[in-house]
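Observations on the model geometry
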Amino acid sequence: MGDDRDQGPPAPESRAPWERPISRIHHPSDSATPPERSAPQQRRETPAPTAQPGSTDQTGRSDKSSRSQRSDPETPSGRLRRLGKRSPGKPETISVAELMDRKAEDDAPAPRPDVEAPTEKIAPITDRTPPPVTAQPEAVGAPAEDRPALTRLAMSKVRRRKRILNATRGLVSIIAILSVALTGVVWGYLRSTDQGFAQVAALDPDSTDVIDAAGQYGDETYLIVGTDTRTGASGEVGAGTVEDAEGARSDTVMLVNIPADRSRVVAVSFPRDLDVERPECEAFDNDTNTYTGEIYPAADGDKLNATYALGGPKCLVKTIQKISGLKIGHFVGMDFAGFESMVNEVGGVDVCTPQPLVDYELGTVLPNVGEQHIDGKTALNYVRARHVDSEGNGDYGRIKRQQRFLSSLLRSALSNKVLLDPGKLSGFVSAFTRDTFVENVKTQDLITLGRSLQNVDAGAVTFLTLPTDGTNDWGNEIPVDSAIAALFSAIIEDRPLPGEERKDPATTTEATPEPTAPTLAVDPTTVSVQVSNASEAAGMAATASSELANYGFQILDVGNFAGTATQTVVRYSPGQESEAATVASAIPGAVVEEAAGLDSVVEVVLGSDYPGYTNAPTAFGQPVDATAGQGSTEAAPLPDNLSFTNAADDTCA
């Protein structure tokens, strides 16, 4: 069925006949300017092409008709649209689909902020990919063309500065390389020389015979022994044969002490025939430097060299440690062959003799008088000869020559004849390690010790001989016990010795500050006490030590005082005032006295005024008088006839 209002077939892209137009209802707000469409909507709408006058659009309508459709809503045409009427010739219709599209556009959410564009895709790198462009640093300062030209002097300075910089860098590199190489060489040298030492068990570090071990802290004490074994190379250099004397003896025994401040060197020579009390010792095999397990019982009246022949280094160290009270920390043993080779390595030694040296067993050793240079073989006979009629007591004459020989050797070393000659020094060390047997001695230790003694003058090196008084029926040298005790007491306490030319240490005149706080008594169990008897009554030290121990004092040692005391004195080292005052409070009439070399030990010296009993000390924490008085003790004087040799003495007397 047709519609009489049909105007013919629809134009292209026009509405279908059944799409009924819907009238637009006008609201008062419609008179206002319609809001602008959102940006997304504007982007979706494509502007229509500008129509030329008289032209038709895509729907076949004329430009005039299009302008009529955009007329104001107040026109008749607009009123018809509000009433839902259709105006012939000016159709203004909207389809349901368009209405739904507009509704969707009106309900669309608010526009979002612009988002970043999708990540750019980078093409893979191939051989044809051009190289990346490297950013160049921005120039700072004036351009080069605007700078003033350098003068010839300035350019010369710049070139000189560059040359110095390059030379410095090269020098530093060379020094670094040489340092690494030298370190490796030195380490290898020390390692190889240490392996050359023959090790032997000798030391007794826990010996109870050591006096004031704390006061000897930092000291270096060496026991140096020259043996007269007749086997091997020693027999070839003229030491004798096994038939003459089997085994080995301590032909030379020298105890060398160097205090902690390295201000001096003291060497004490022991006569080989010294009368000693031999302790219980294990038998020693000198050929293998080992102990056999056989035990020799203790004995009185034995000779010192026989002690070594039976019990080896261990027995000798125990014997010397008991006589001296020094803590022996190093042992060095050497035979005749080793001594000769070391002298030859340093090029010989200068000696001086006031008269020809003739021994009726060795023959003529030095035919001429005065100063002369001797090699290793002659030096060995020089220090060994003991049958010289002009010297009287052969053992002491031999000791004196040994001391003079060592003094000359020391002067040569201190004058840098050996220390600064790498060839001589290397040969000396090699010979020393090849022909010695040691314990607790390494090449590095010897080098460190030598460096610490570089500033020691020869006058600060003193050689002493142990004091004796004649011989007994068996030909043993009789020791003078009081003089020996005084000698080693002076060494331990670092007091001046006869013939010593040591520089006096700098003294200060600062007065001791007065204590600002009272001295309080300490716990007796924390105080280490040594009791020494300076009175004429026997057994006083044992009685006093027993009573002090009952109150808790720790008794370390009991013996006789090497000196005199006018009254009972409590001696202490700086820093031990409270401990000394606590001990003194337990002994009636005791006074305190500051002394050196005691370290943390408090020494009680019992004088003739000691009443024979003690009291309870002041209670712990209570005030105690530390200035009750000043004691007066005097060390035993050294004998006037003590034999000594100063290393700086180069006379022939």
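What comes next is a walk through the structure. Residue indices follow the written sequence of each chain, beginning from 1 at its first position. Side-chain atom pairs in this predicted model are given and counted only at pLDDT of 80 or more, local residue features only at pLDDT of at least 70, and totals for whole chains, interfaces and linings cover all residues. Side-chain measures here rest on the full set of heavy atoms in the structure, leaving out hydrogens and waters.

1. Comments concerning the packing of aromatic side chains
Put simply, the test is: Two aromatic rings, drawn from Phe, Tyr or Trp (for Trp, its six-membered ring), form a pair once their centres lie within 6.5 Å of each other, and the interplanar angle then sorts them: stacked below 30 degrees, edge-to-face above 60, tilted otherwise. Secondary structure is summarised from DSSP: a helix means a run of H or I of at least four residues, a strand means a run of E of at least two, and numbering begins at the N terminus for each. Categorising residues by exposure relies on relative accessible area from a 1.4 Å probe, with only protein chains included: less than 20% of the type maximum marks a residue as buried, more than 50% marks it as exposed, and the intermediate range marks it as partly exposed. Throughout this description, the term charge over a ring refers to an Arg CZ or Lys NZ atom that lies within 6 Å of the ring centre and within 35 degrees of the ring normal.
One pass over the structure, following the stated rule, counts six aromatic pairs. With a centroid separation of 5.4 Å and an interplanar angle of 45 degrees, the aromatic rings of Phe339 and Phe405 are classed as tilted. Here Phe339 is found in helix α8 (residues 336-345), whereas its partner Phe405 is found in helix α10 (residues 394-414), with 66 residues between them in sequence. Here Phe339 matches Phe405 in class, with each residue buried. Through pairs of rings, three or more aromatic residues link up here, namely Phe284, Tyr291 and Tyr308. Seen from the ring of Tyr291, Lys314 lies directly overhead, with NZ or CZ sitting 5.0 Å from the centre. For Arg384, the ring lying beneath its charged end belongs to Phe336, and the centroid distance is 4.6 Å.

2. Focus: the environment of Gly607
With respect to the helices and strands, the residue Gly607 is situated in the loop between β23 (601-606) and β24 (633-635). With 73 residues separating them in the primary sequence, Gly607 and Ala534 have C-alpha atoms 5.2 Å apart.

3. Section: helix α14 (residues 540-550)
Just so we agree on the cut-off: Arc definition: it is the arc formed by the directions from the helix axis to the C-beta atoms. The contact criterion used is simple: two residues touch if any of their non-hydrogen atoms lie within 4.5 Å.
Within the span of α14, buried status applies to Met540, Ala541, Ala544, Ser545 and Leu548. Looking down the long axis of α14, one finds its buried residues gathered within 120 degrees of arc, a one-sided arrangement. Elements that come into contact with the buried residues of α14 comprise β18 (528-533), β19 (554-560) and β23. Directly after α14, the chain includes Gly552, whose backbone phi takes a positive value near 105 degrees.

4. Regarding a negative patch on the surface
Applicable threshold: Every patch collects residues that have over 30% relative accessible area and no salt bridge, joining them within 9 Å if they carry like charges and within 5 Å if they are nonpolar side chains (Val, Leu, Ile, Met, Phe, Trp, Tyr). To be clear on the numbers: accessible area is Shrake-Rupley with a 1.4 Å probe, and residue cover counts the displayed protein chains and nothing else. Only one rule defines a salt bridge in this text: a Lys or Arg side-chain nitrogen within 4 Å of an Asp or Glu carboxyl oxygen. As used throughout, the charge tally considers Lys and Arg to be positive and Asp and Glu to be negative, leaving His and the chain termini uncounted. Throughout, a charge is located at the NZ atom of Lys, the CZ atom of Arg, the CG atom of Asp or the CD atom of Glu.
A surface patch of like charges, here negative, comprises Glu371, Glu501, Asp649 and Asp650. Locating Asp650 in the fold gives a position in the segment after β25 (644-646). By relative accessible area, which is 53% here, Asp650 ends up exposed.

5. Here we look at α8
α8 sits mainly inside the fold: eight of its ten residues count as buried. Along α8, the positions that sit buried rather than exposed are Phe336, Ala337, Gly338, Phe339, Glu340, Ser341, Met342 and Val343. Immediately downstream of α8, the backbone of Gly347 shows phi near 85 degrees, a positive value.

6. A few points about the packing of α8 against helix α9 (residues 376-384)
Keep this limit in mind: Axis angles are defined between N-to-C directions and span 0 to 180 degrees, where every axis is a line fitted to C-alpha atoms and, for a helix, only to the segment in contact. In what follows, roughly perpendicular refers to angles from 65 to 115 degrees, roughly parallel to angles under 35, roughly antiparallel to angles over 145, and oblique to any angle outside these ranges. Here is the rule for handedness: rotate from the far helix to the near one, and if that takes an anticlockwise turn smaller than a right angle the crossing is left-handed, while a clockwise turn gives right-handed.
The geometry of α8 relative to α9 is characterised by a closest axis approach of 8 Å and an angle of 130 degrees between their N-to-C directions. Considering the angle they form, α8 stands oblique to α9. Relative to α9, the crossing made by α8 is right-handed. Counted together, Phe336, Phe339, Glu340, Val343 and Asn344 of α8 and Gly376, Lys377, Ala379, Leu380, Val383 and Arg384 of α9 form the full contact between these two elements.

7. A closer look at the sheet that holds β23
Picture the strands of a sheet paired through backbone hydrogen bonds; they go either parallel or antiparallel. Rules: At least two DSSP bridges between two strands are needed for those strands to be called paired.
Reading across the sheet, the five strands line up as β19-β18-β23-β21-β22 and stay open at both edges, with mixed pairing between neighbours. In the strand order of this sheet, the two ends are held by β19 and β22 (591-594), each with one partner. In this sheet, adjacent strand axes meet at a mean angle of 25 degrees when their direction is disregarded. When strand β21 (residues 569-572) meets β22, the two strands line up parallel, connected through four bridges.

8. Examining the side chain of Glu579
Residue position: Glu579 is located in helix α15 (residues 577-584). Buried and unpaired, Glu579 has no salt bridge, with Arg571 as the nearest side chain of opposite charge at 15 Å. Setting aside anything within four residues of it in sequence, one finds Glu579 in contact with Val522, Val527 and Val602.

9. Observations concerning the side chain of Ser532
The criterion, for reference: Polar contacts, as used here, are pairs of N or O atoms within 3.5 Å; protein pairs need one atom able to donate a hydrogen and one able to accept it. Residues neighboring in sequence count only if both atoms are side-chain atoms.
Among the secondary structure elements, Ser532 is positioned in strand β18. We classify Ser532 as buried; its relative accessible area is 3%. Side chain to side chain, Ser532 and Glu603 meet in a polar contact 2.8 Å long. Look past the residues within four positions of Ser532 in its chain and what remains in contact with it is Ala541, Gly559, Asn560, Phe561, Glu603, Val604, Val605 and Leu606.

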